[in-house]
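Working through the structure, step by step
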2 protein chains.
Amino acid sequence: MQPFIQASNAILRQHGYRLTPQRHMILCVIQEAGGHLSIDQILERVQQQNPYVSLSTIYRTIDLLKSVDLIHESHLPGEQPMYETIEGHAHHHLICRRCRATIHLDQELLGNLNEQLQKQYQFHGISLGLVAAGYCNNCWTILQQEQNSNLEQE
Amino acid sequence: MQPFIQASNAILRQHGYRLTPQRHMILCVIQEAGGHLSIDQILERVQQQNPYVSLSTIYRTIDLLKSVDLIHESHLPGEQPMYETIEGHAHHHLICRRCRATIHLDQELLGNLNEQLQKQYQFHGISLGLVAAGYCNNCWTILQQEQNSNLEQE
DNA sequence: ATTCGTGCAAAAGCTTTGCATGTAG
DNA sequence: CTACATGCAAAGCTTTTGCACGAAT
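Owing to the predicted nature of the structure, the values given are computational and were not obtained by experimental measurement.

Here we come to the overall build of chain A. Each helix and strand in chain A was counted, giving six helices and six strands. For chain A, the α and β elements follow one another from N to C terminus as α-α-β-α-α-β-β-β-β-α-β-α. Over its C-alpha trace chain A gives a radius of gyration of 20 Å, far above what one expects of a compact globule, namely 15 Å for 154 residues. By its C-alpha atoms, chain A is 65 × 50 × 25 Å across when sized along the principal axes. Counting across all 154 residues of chain A, residues that qualify as buried make up 37%. Computed over 10 positive and 15 negative side-chain charges, the inter-centroid distance for chain A is 10 Å.

Further remarks concern the protein's contact with DNA strand C. Close to DNA strand C lie 18 residues, the nearest being Tyr59 of chain A together with Thr20, Arg23, Thr57 and Arg60 of chain B. Close to the protein, within 4 Å, the atoms of DNA strand C belong to sugar or phosphate groups at a rate of 69%. Ser54 of chain B is positioned such that a nitrogen or oxygen atom in its backbone is 3.3 Å from a phosphate oxygen of DNA strand C. The set of elements that each furnish at least two residues to the surface near DNA strand C consists of helix H4 (55–67) of chain A together with helix H2 (21–33) and helix H4 (55–67) of chain B. No other element matches H4 of chain A, which puts five residues into the surface near DNA strand C. Broken down by class, the residue content of the surface near DNA strand C amounts to six nonpolar, six polar and six charged.

If you walk through the whole model with that rule in mind, you get two aromatic pairs over all chains. Each ring, one from Tyr135 of chain A and one from Trp140 of chain A, has its centre 6.0 Å from the other, and the planes form 40°; the classification is tilted.

Right, let's talk about the protein's contact with DNA strand D for a bit. In the region of DNA strand D, 19 residues are neighbours, and Thr20, Gln22, Thr57 and Arg60 of chain A together with Tyr59 of chain B sit closest. Considering the 4 Å shell around the protein, atoms of DNA strand D inside it are sugar or phosphate in 72% of instances. Within the side chain of Ser56 of chain A, one N or O atom sits 3.2 Å away from a base nitrogen of DNA strand D. Within the side chain of Arg60 of chain A, an N or O atom sits 2.9 Å from a base nitrogen of DNA strand D.

All names here are of chain B. Pairing is antiparallel across the open sheet formed by three strands, whose spatial order is E1-E3-E2. Edge strands, defined here as strands with exactly one partner in the open sheet, are strand E1 (37–38) and strand E2 (71–74). In terms of strand pairing, E1 meets strand E3 (residues 82–85) through two bridges, oriented antiparallel. Paired with Ser38 across the two strands is Met82, which belongs to E3. Of the strands in this sheet, E1, E2 and E3 touch H2, which is tilted by about 90° from E3. Contacts from H4 reach E2 and E3 within the one sheet, and its direction differs from that of E2 by about 110°.

What follows concerns the nonpolar core. One finds Leu110, Leu128 and Leu130 of chain A together with Leu110, Leu128 and Leu130 of chain B to be the most contacted residues of the largest nonpolar core, which totals 26 residues. The set of elements that each furnish at least two residues to this core consists of strand E4 (92–96), helix H5 (113–121) and strand E6 (124–135) of chain A together with strand E4 (92–96), helix H5 (113–121) and strand E6 (124–135) of chain B. Leaving out residues up to four positions away in the same chain, Leu110 of chain A has contacts with His92, Leu128 and Leu130 of chain A together with Leu110, Leu113 and Leu130 of chain B. Counting residues in hydrophobic clusters, the runner-up holds 24 residues, among them Leu12, Leu37, Val53 and Ile62 of chain B.

Our focus in this paragraph is the UniProt feature "binding site: Zn(2+)" (unreviewed entry) in chain A. This chain's UniProt record puts "binding site: Zn(2+)" (unreviewed entry) on Cys96, Cys99, Cys136 and Cys139 of chain A. Considering the C-alpha atoms alone, the annotated residues occupy 44 residues of sequence yet fold into one spot, their largest mutual distance being 8.2 Å. Inspection of the secondary structure puts Cys96 of chain A in strand E4. Apart from residues no more than four positions distant in its own chain, Cys96 of chain A is found in contact with Ala101, Gly134, Tyr135, Cys136 and Cys139 of chain A together with Phe123 of chain B. Checked against the element boundaries, Cys99 of chain A lands in the loop between E4 and strand E5 (102–105). Not counting chain neighbours up to four residues away, the residues in contact with Cys99 of chain A comprise Cys136 and Cys139 of chain A.

Each copy superposes on the other: chain A lies on chain B with an RMSD of 0.9 Å after a rotation of 178° and an axial shift of 0.4 Å. What the rotation and shift describe, once combined, is the action of a two-fold rotation axis. Judged by C-alpha distance, Leu130 of chain A is the residue of chain A that lies nearest the rotation axis, at 2.0 Å. Mapped onto chain B, 100% of the interface residues of chain A are again interface residues, and the two copies thus contact each other with one and the same surface.

Scoring rules and cut-offs
- Every chain is numbered on its own, with residues counted from 1 as its sequence reads.
- Chain letters and ligand numbers both follow the written order, the letters beginning at A and the numbers at 1.
- A pLDDT threshold of at least 70 governs which residues receive local features in this predicted model, and a stricter bar of 80 or more applies before side-chain atom pairs are shown or counted, although totals over entire chains, interfaces and linings include all residues.
- Only hydrogens and water are removed before side-chain values are computed, so all heavy atoms of the structure are retained for them.
- Only runs of H or I of at least four residues qualify as helices and only runs of E of at least two qualify as strands under DSSP, and these elements are numbered from the N terminus.
- We compute the radius of gyration over the C-alpha atoms and compare it with the globule rule, which gives 2.2 Å times the number of residues raised to the power 0.38.
- Exposed residues in this analysis have more than 50% of their type's maximum accessible area, buried residues have under 20%, and partly exposed residues fall in between, with area computed by a 1.4 Å probe over protein chains only.
- Charged residues are defined here as Lys and Arg on the positive side and Asp and Glu on the negative side; His and the ends of the chain fall outside this count.
- Throughout, a charge is located at the NZ atom of Lys, the CZ atom of Arg, the CG atom of Asp or the CD atom of Glu.
- Being near a molecule or strand, for a residue, means having at least one of its heavy atoms within 4 Å of it.
- Polar contacts here mean pairs of N or O atoms no more than 3.5 Å apart (in protein, one a potential hydrogen donor and the other a potential acceptor; neighbouring residues in sequence count only if both atoms are side-chain atoms).
- Nonpolar residues are Ala, Val, Leu, Ile, Met, Phe, Trp, Tyr, Cys and Pro. Charged residues are Asp, Glu, Lys and Arg, and all others, Gly as well, are polar.
- By convention, a stacked pair of Phe, Tyr or Trp rings (six-membered ring in the case of Trp) has centres within 6.5 Å and planes under 30 degrees apart, an edge-to-face pair has planes over 60 apart, and any other such pair is tilted.
- Strands are treated as partners if at least two bridges between them are detected by DSSP.
- We call two residues in contact whenever any of their non-hydrogen atoms come within 4.5 Å of each other.
- To get an axis, a line is fitted to the C-alpha atoms, and for a helix only the part in contact is used. The angle between two axes follows their N-to-C directions and goes from 0 to 180 degrees.
- As used in this record, nonpolar core signifies buried Ala, Val, Leu, Ile, Met, Phe, Trp, Tyr and Cys residues forming a set joined through side-chain atoms within 4.5 Å.
- UniProt positions are given in the numbering used here, feature names are shortened, and annotations may be inferred rather than shown by experiment.
- Superposing copies: least-squares fit, C-alpha atoms only, residues required to have pLDDT of at least 70 in both.

As structure tokens, this is what we get:
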């Protein structure tokens, strides 16, 4: 068994939950994807292994995994909520507004911002979420071309 | 008329839209609030001025204002989407998970992150959105007390 | 006259819940 | 045996859409 699953099992048991086959599948699917998965995508991939897993189980499991901090939810404006495993460190995202390509950014980018805010505003248990949206080089070029051809038509 | 409304009007007209009474009210409500407003809160405040404005108008107007970059949407996991005016500069937030107090953070906090990302990933037109969520000092104290009394009951 | 915007009501999603059945400890 | 999990179906929300009326150009 993968160490990731062993660790997850331990955490679940600490909270009084069992690692059922469904929960196991869902965890594996999310981890193997590496990146963001929506509820739909999780359902689809889980059902490839067992078509009888229901959508409500996905929802309930996601809630449960969130509550014990095994997975993290991020919710970009205009998008479905996405889920990914946490595995110890937070991460941030750089997204292309056009092709939706997503680059994962390192926690270090934000330096000591966490402690800074904690001190300055006396907040506790701060979690940071950075979303950077722009246009990747490729899409930027395409957009430029589109603009040019629009101008010519007028 | 406020300069903010004049500017908004100009931007709307540039895109071929009109500044209708409803759109005017919605813009004012969001700007006057200063911080984050949800769809519900916008509807409530708009209807204090005119009870016959419908929810679908709020949705449609919000979509339109987003599309011309007059307002910005942020969507924290487990919360409703929130809206605020942009007014030329990005801003970031520190939010208390319990009392919802919102502190506006300075753009400078993120330093040259923008240029850094631009160079490193060759992205263009990057806008940054930082959301920091935690517990303010007051709520943190209250939560501690609640936890203690829960333990005693068991 | 024609295009744009709104309100209403219905429809469409997405998410949660109640309940009976099944499973693990 | 008891508590926990699941699947199914129904209910609950939030958001979007179709359509007819009204307003602006």
